[in-house]
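These are the residues of each chain, in order.
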Amino acid sequence: MNTLSSPSPLIRPRGSRSRCRQFNRVQCVYRSDSVHFPNGIGYSRADWQSSCAILSSNVVSQQQSGDKPAEHIAAVNGHKTSIDLNLVPIEHANSAAATASNNKPQLPPQKPLTITDLSPAPMHGSQLRVAYQGVPGAYSEAAAGKAYPNCEAIPCDQFEVAFQAVELWIADRAVLPVENSLGGSIHRNYDLLLRHRLHIVGEVQLPVHHCLLALPGVRKEYLTRVISHPQALSQCEHTLTKLGLNVAREAVDDTAGAAEYIAANDLRDTAAIASARAAELYGMQVLEDGIQDDSSNVTRFVMLAREPIIPRTDRPFKTSIVFAHDKGTSVLFKVLSAFAFRNISLTKIESRPHRNRPIRLVDDANVGTAKHFEYMFYIDFEASMAEVRAQNALAEVQEFTSFLRVLGSYPMDMTPWSPSRGE
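Note that the structure is a prediction, hence the values are computed from the model and not measured.

A closer look at the side chain of histidine 209
Okay, so step 1: Along the chain, histidine 209 turns up in the loop between strand E8 (199-207) and strand E9 (211-214).
Okay, so step 2: At 2.9 Å, the side chain of histidine 209 forms a polar contact with the side chain of aspartate 289.

If you want it as structure tokens, here you go:
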């Protein structure tokens, strides 16, 4: 029997945290294993795990009494399957698994995983291990707590490490930002969504409240630079100018990490843009509160898992896809028409360079050689893959594209919106 083992992460002890119990910070190296499963759908480990999740969900649905089967879905990420993907009533599964988890709490695996251990991670009511990018006090930590209350939060030093932590079974979920209302898209995570085989299983929108932090006793006129994440710097650009600060602005990996760096190195000429919670954790003082350029500053995060969830029709759903075409961008109009004709609203369109073929050449003896950039297109639309109109739209899109992948079909964040006013 083949054995799949997780490498030992570099562990750094951390203190106690509020809201989310903290795990140790994870740093690991990506390793793409390819394992052959003769009876599985596909040949990669990711394909096998997706198939395993589908099978287990089907078993759960058969065990539910009085459940009505939903519409059949013909394919998952391009894999034809004869499995009847019944919709699983989450409320029933939640209560049953929550009761079981209260009697016997699940612990992280203490030995190398084998194929027989590769069952879906705890999902319903159990305490999840959730990876996020940054250090304690980061906004991503708060988003992880909002998405999964009472989770064990695992700080990771890079976005890619958070993806790896889930793929290597060190974490059960990852919560990562994809766009901000002021700073725009986080392009790095769009690229990583395509590179890795994780599935979007939910979204959460977090109001962002920035503060200008410095060491105790430091005054604003003593500052020579401000450090923070590039997105935070862009979200506070105009406010920093209005404050009359003649400072250099330098980008670092994350907001809370900027506060931690200043405190660790006793930098009395440097301020950080971070949360009020970061100020408490690292012994900083708040020089200015609420310095974002717009009080309606919100960041959208996506929740990632190894297995897709079963789409439903009893609540608002959103679906995310990515596609490309060999003949350039002329196909975009046809793709958009497939959704428009079915009255499906699009909430996001993002284009990213096609890394494997960045430039397309068009030869013409009369005018020389024309060069066009090639793109991958990311689209979010308001419909569930359990709906016939969404399935028909993607079937039409597939006719016009050379590559199409469903990143996830997941519940929309329907929490009431209120601008950030601090903690």
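Re the environment of lysine 318
Okay, so step 1: If you trace the backbone, lysine 318 turns up in strand E15 (residues 317-324).
Okay, so step 2: The sequence separation of lysine 318 and serine 384 amounts to 66 residues, and the corresponding C-alpha distance is 6.0 Å.
Okay, so step 3: In contact with lysine 318, not counting residues within four places along its chain, are Glu203, Arg300, Thr347, Asp380, Phe381, Ala383, Gly408, Ser409, Tyr410 and Met412.
Okay, so step 4: In terms of polar contacts, lysine 318 uses its side chain to reach the side chain of glutamate 203, at 3.0 Å.

A word on the sheet that holds E9
Okay, so step 1: Judged by pairing direction, the sheet is mixed, and its five strands sit side by side in the order E11-E10-E12-E9-E13 without closing on themselves. Edge positions in the sheet fall to strand E11 (248-251) and strand E13 (285-289), since each has one partner strand and no second. Ignoring strand direction, the axes of neighbouring strands in this sheet form an average angle of 30°.
Okay, so step 2: Direction of pairing for strand E10 (residues 225-228) relative to strand E12 (residues 270-274): parallel, over a ladder of three bridges. Counterpart to arginine 225 in the pairing with E12 is threonine 270.
Okay, so step 3: On the sheet, helix H8 (residues 255-265) packs against E9, E10 and E12 and is oriented at approximately 150° with respect to E12.

What about the nonpolar core?
One broad trend across soluble globular proteins is that nonpolar side chains are buried collectively.
Okay, so step 1: Ranked by internal contacts, the top residues of the largest apolar core, which has 50 residues, are Tyr148, Val175, Leu212, Leu213, Ile273 and Met284.
Okay, so step 2: Setting aside anything within four residues of it in sequence, one finds tyrosine 148 in contact with Leu128, Val130, Arg173, Val175, Val201 and Met303.
Okay, so step 3: Core analysis: the next-biggest nonpolar cluster, separate from the first, contains 29 residues, Val166, Ile170, Ala171 and Leu192 among them.

With respect to the pairing of strand E19 (residues 375-381)
Okay, so step 1: Of all the seven residues making up E19, six are buried; the element is thus mostly covered by neighbouring parts of the structure.
Okay, so step 2: Here E15 pairs with E19 via five bridges, running antiparallel. In the strand pairing of E19, isoleucine 321 is matched with isoleucine 379.
Okay, so step 3: Inspection of the sheet shows strand E16 (residues 346-353) paired to E19 by seven bridges, in the antiparallel sense.

Brief notes about the packing of aromatic side chains
Okay, so step 1: Counted according to the given criterion, the structure contains four aromatic pairs.
Okay, so step 2: Between phenylalanine 323 and phenylalanine 377, the ring centres sit 5.5 Å apart and the planes meet at 25°, which makes this aromatic pair stacked. Of the two residues, phenylalanine 323 sits in strand E15 while phenylalanine 377 sits in strand E19, which places them 54 residues apart along the sequence.
Okay, so step 3: Since its relative accessible area comes to 0%, phenylalanine 323 is described here as buried.
Okay, so step 4: For phenylalanine 377, a relative accessible area of 8% puts it in the buried group.

Examining the sheet that holds E15
Okay, so step 1: As summarised here, the arrangement of the four strands in space is E16-E19-E15-E20, forming an open sheet in which the pairing is antiparallel. Among the strands making up the open sheet, the edge pair consists of E16 and strand E20 (403-411). On average, each strand axis in the sheet is tilted by 15° relative to the strand beside it, whichever way the strands run.
Okay, so step 2: Against the sheet, helix H10 (residues 332-340) engages E15, E16 and E19, with an angle of about 10° to E19.

Side note on the environment of aspartate 294
Okay, so step 1: In this fold, aspartate 294 is placed in the loop between E13 and strand E14 (298-305).
Okay, so step 2: Sequence separation between aspartate 294 and glutamine 235 is 59 residues, and the spatial gap between their C-alpha atoms is 8.0 Å.

Remarks on the confidence of the model for the chain
Okay, so step 1: The predicted model of the chain has a mean per-residue pLDDT of 75, with 63% of residues at 70 or higher.
Okay, so step 2: Low confidence marks residues 28-45, where pLDDT is under 50. Its contacts with residues over four positions away, or in another chain, come to 34 contacts.
Okay, so step 3: Confidence drops under pLDDT 50 across residues 51-101; counting only partners more than four residues distant or on other chains, this segment forms 75 contacts.

Overview of unusual backbone geometry
Okay, so step 1: In this structure, asparagine 150 is a non-glycine residue whose phi angle is positive, near 65°.
Okay, so step 2: Unlike most non-glycine residues, aspartate 266 shows phi in positive territory, near 50°.
Okay, so step 3: Considering the arrangement of structural elements, one finds aspartate 266 in the loop between H8 and E12.

So, the packing of helix H4 (residues 159-167) against helix H5 (residues 187-195)
Okay, so step 1: In contact at an axis separation of 10 Å, H4 and H5 are set at 30° when each is read in the N-to-C sense. Our classification of the angle between H4 and H5 gives roughly parallel. As for the relative orientation of H4 and H5, their crossing is right-handed in sense. The residues of H5 that touch H4, namely those facing Phe159, Glu160 and Phe163, are Arg188, Asn189, Leu192, Leu193 and Arg195.
Okay, so step 2: Considering only residue class, the contact of H4 with H5 consists of four nonpolar, one polar and three charged.

Structural notes on H8
Okay, so step 1: Three or more residues of H8 are buried, namely Thr255, Ala256, Gly257, Ala258, Ala259 and Ile262.
Okay, so step 2: Elements that come into contact with the buried residues of H8 comprise helix H3 (139-147), E9, E10, helix H6 (230-235), E12 and helix H9 (276-282).
Okay, so step 3: Between the side-chain oxygen of the N-cap and the backbone nitrogen of alanine 256 there are 3.4 Å, and the N-cap of H8 in question is aspartate 254.
Okay, so step 4: Aspartate 266, located one to two residues past H8, shows a positive phi value of around 50°.

Reading the values: rules and limits
- Residues numbered from 1 in each chain as written.
- Predicted model: local features only at pLDDT ≥ 70, side-chain atom pairs only at ≥ 80, totals over all residues.
- Heavy atoms only, no water.
- Helix = DSSP H or I, 4+ residues; strand = E, 2+ residues; numbered from the N terminus.
- Polar contact = N/O pair within 3.5 Å; in protein donor to acceptor, adjacent residues only side chain to side chain.
- Contact = heavy atoms within 4.5 Å.
- Pairing = 2+ DSSP bridges.
- Axes fitted to C-alpha atoms, helices over the stretch in contact; angles between N-to-C directions.
- Core = buried A, V, L, I, M, F, W, Y, C linked by side-chain atoms within 4.5 Å.
- Buried < 20%, exposed > 50% of the residue type's maximum accessible area, 1.4 Å probe, protein only.
- Phe/Tyr/Trp six-rings, centres within 6.5 Å; stacked < 30°, edge-to-face > 60°.
- pLDDT = per-residue confidence, 0-100.
- Parallel < 35°, antiparallel > 145°, perpendicular 65-115°, else oblique.
- Left-handed = near helix turned anticlockwise from the far one by under 90°.
- Nonpolar A, V, L, I, M, F, W, Y, C, P; charged D, E, K, R; others polar.

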